[in-house]
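Architecture at a glance
So the chains spell out like this:
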Amino acid sequence: MKQESIGVLQTAVLLFAFLSGSAIIVIPAPIIAYASNAAWLSILLSMTFGLALLAIILYLLRLYPSLSFIGICRATIGKWPTVIVACLMLTMAFHMATGIIIDVVAFMNSMMLPETPGYIFMCLMLVLSALLLRTGIESMARMFSILTVVVLFFWLVVIVLLFPSYHPEFLLPIFPDGIRPMILGGYLTSGFPYGEIVLFAVIIPFTRNVLAKPLSKALVIVMLLNGVMLIITTLGTIMILGPISTEKKYSLFVLAQTIEIGDMLERIEAIIGMSMIAGSLMKATITLFAIQTIMAELFGLQDHRLLSNPLCLLVQIMSLSMPTTMKEWENLVLVIHPLWVGAVYILPVLFIVTVAYFKRPARAAPA
Amino acid sequence: MLEKLMMITGFFVLALATDWGKLRAASRRGKWSYAFIVLCALYFSADYALDFSLPDLHWLADHILLGPAQAIVDSLKVKQL
């Protein structure tokens, strides 16, 4: 089967969609609850951490430019440790995929269509994801380039239209309780979305030239852009909602509800709802593609598209069965998720890169 | 429960019907990996449709990681007077 490949810019767009996907709407409220006015500094802190992770991943991929991520694991730590690492990564990847779907359902049921059963949204999202997975990463990258521009445009429209409502005085004081809340906020966002970048290491080898310098430049720029977007959204939330920011879930959607320019431009929150769904679809599909690639390599399959439908079916049923209550789900995401990411994504990748670093001279010696 | 069972049966039938042609042409390894994922889906289906409360990923994460994760969060939280 022909190996698919995408361009540098397309990889950057996929990373942007992967990082921003649902984070723009989901992240501001919990991070403000944790870090209050220092929330934007927490994002800055975790973004620096994310950039360091990206540098580590790119270093690893450059050492073995012709191999996939699982191939690199096999070459560095051996066959069975690779199976363990892949299984650990899959636990988090499945949790991410189900989490994205559950978030969409919670958003739709609480903000837009409260009477519609959740499985309708789940089913529609996963049918779309399955179709996208079957078309392959090239078509996905082309389609997501358009969707990302649309999401970015809608976000920009809302942020600009909110200008008359901002109250900069709500931003102070920044550290009313010291710096610990800021670190707590950084802990949260270092798990979601920045720690999740390790899963993207499965996608980067599909780029035509992994060794090209513009690739690292593009990925760093995209990550900075994502950080700026998250910071602006968080600052906007604090400047408009002030002390009630923590009570409002999906703050960007709530902000869009407050827009009122004259009597002609109001109630434009639907475009944010659309952005949320489009962003979540992109992130869910990229996550499912990473799962599919890991599993296909573990099972030694030539055609990984065979797994598209059963994987979407599995995620659909996992999404239906997993959270008993929304409170339990929030506890899982806000408390356990960052540590889970650290244990199954960050620690293994640090171990692999350390082994790769020490194996490097041995690789170079015969040449 | 009947509604859940019908819905899940519908999902399985849909997935298998669309993959039937591909599965017949797939290698033995492909068929086994497909069956493995379907079995996992069946496990979660039983959990969901029959309310078995079987162990899942979140149950595992709760048991292994909740303690240390809660300790990290508590150590960084400012105690309100």
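Heads up: the structure comes first, above all this text.
Throughout what follows, the structure given in this document is the object of discussion.

What counts as what
Residues numbered from 1 in each chain as written. Chains lettered and ligands numbered in written order. Predicted model: local features only at pLDDT ≥ 70, side-chain atom pairs only at ≥ 80, totals over all residues. Helix = DSSP H or I, 4+ residues; strand = E, 2+ residues; numbered from the N terminus. Rg over C-alpha atoms; globule rule 2.2 N^0.38 Å. Buried ≥ 20, exposed ≤ 12 C-beta atoms within 10 Å, placed from the backbone. Contact = placed C-beta atoms within 7 Å. Nonpolar A, V, L, I, M, F, W, Y, C, P; charged D, E, K, R; others polar. Expected span 1.5 Å × (residues − 1). Axes fitted to C-alpha atoms, helices over the stretch in contact; angles between N-to-C directions. Left-handed = near helix turned anticlockwise from the far one by under 90°. Parallel < 35°, antiparallel > 145°, perpendicular 65-115°, else oblique.

1. Some words on the overall build of chain A
The helix and strand tally for chain A stands at 15 helices and two strands. Rg of the C-alpha trace for chain A: 20 Å, near the compact-globule value of 21 Å for 367 residues, within the 12% margin. Structurally, chain A occupies a C-alpha span of about 70 × 45 × 40 Å along its principal axes. Within the span of chain A, comprising 367 residues, buried residues form 53% of the whole. At a minimum sequence separation of 6, the contacts of chain A that also span at least 24 residues come to 86%.

2. Points about the overall build of chain B
Along its length, chain B carries three helices and zero strands. Element order for chain B, N to C, with α for helix and β for strand: α-α-α. Relative to the 2.2 N^0.38 estimate, which gives 12 Å for 81 residues, the radius of gyration of chain B is 20 Å and therefore markedly larger than a compact globule would have. Overall, chain B is about 65 × 35 × 20 Å in size when its C-alpha atoms are taken along their principal axes.

3. Focus: the interface of chain B and chain A
Contacts between the two partners involve 35 residues from chain B, matched on the other side by 34 residues from chain A. Elements represented by at least two residues in the side of chain B that touches chain A include exactly α1 (2–25), α2 (28–49) and α3 (57–76) of chain B. If one sorts the elements of the side of chain B that touches chain A by residue count, α2(B) sits on top with 12 residues. Partitioning the side of chain B that touches chain A into residue classes produces 23 nonpolar, six polar and six charged.

4. Re helix α7 (residues 118–135) of chain A
Residue and element names in this part refer to chain A. Look at α7: 26 Å from first C-alpha to last across 18 residues, which is about the 26 Å you get at 1.5 Å a residue. Those residues of α7 lying buried are Phe121, Met122, Cys123, Met125, Leu126, Ser129, Ala130, Leu132 and Leu133. Where α7 is buried, its residues meet α6 (79–112), α8 (137–161), α13 (269–299) and α14 (308–321). The first or second residue beyond α7 is Gly136, which carries a positive phi of 100 degrees.

5. Structural notes on the packing of α6(A) against α14(A)
Residues and elements named next belong to chain A. Contact pair α6 / α14: the axes reach a minimum separation of 9 Å and the direction vectors enclose 65 degrees. The handedness of the crossing between α6 and α14 comes out as right-handed. Taken together, the residues of α14 that come into contact with α6 (itself represented by Phe94, Ala97, Thr98, Ile101 and Ile102) are Val315, Met318 and Ser319. Of the residues belonging to the contact of α6 with α14, the class tally is six nonpolar, two polar and no charged.

6. Focus: the packing of helix α12 (residues 251–258) of chain A against α13(A)
Residues and elements named next belong to chain A. Where α12 contacts α13, the axes come no closer than 8 Å and their chain directions differ by 160 degrees. The pairing of α12 with α13 is recorded here as roughly antiparallel in orientation. Crossing hand, α12 versus α13: right-handed. Residues Leu252, Phe253, Ala256 and Gln257 of α12 form the contact with α13, whose participating residues are Glu269, Ile272 and Gly273. By residue class, the composition of the contact of α12 with α13 is four nonpolar, two polar and one charged.

7. A look at unusual backbone geometry
Residue and element names in this part refer to chain A. Cis rather than trans, the peptide bond between Leu172 and Pro173 has omega equal to -5 degrees. The topology assignment puts Pro173 in the loop between α8 and α9 (180–195). Of the consecutive residues Phe192 and Pro193, the connecting peptide bond is found in the cis state with omega at 10 degrees. Secondary-structure assignment places Pro193 in helix α9. The phi dihedral of Ser36 falls on the positive side, at around 45 degrees, and the residue is not glycine. Checked against the element boundaries, Ser36 lands in the loop between α3 (28–35) and α4 (39–63).

8. Describing helix α1 (residues 8–20) of chain A
All names here are of chain A. Over its 13 residues, α1 runs 18 Å from end to end, which matches the ideal 18 Å to within 8%, given 1.5 Å per residue. The buried count for α1 comes to 11 of 13 residues, which makes it a mostly enclosed element. Taken together, the buried positions of α1 are occupied by Gln10, Thr11, Ala12, Val13, Leu14, Leu15, Phe16, Ala17, Phe18, Leu19 and Ser20. Looking at the packing, one finds that the buried side of α1 touches α2 (23–26), α8, α9, α10 (197–200), α11 (213–241) and α13.

9. Re the environment of A:Pro30
Residues and elements named next belong to chain A. Here Pro30 lies in helix α3. Residue classification places Pro30 among the buried positions, given that 20 C-beta atoms sit within 10 Å. As for Pro30 and His95, which are separated by 65 residues in sequence, their C-alpha atoms are 19 Å apart. Those residues in contact with Pro30, other than ones at most four positions away along the chain, are Leu188 and Leu334.

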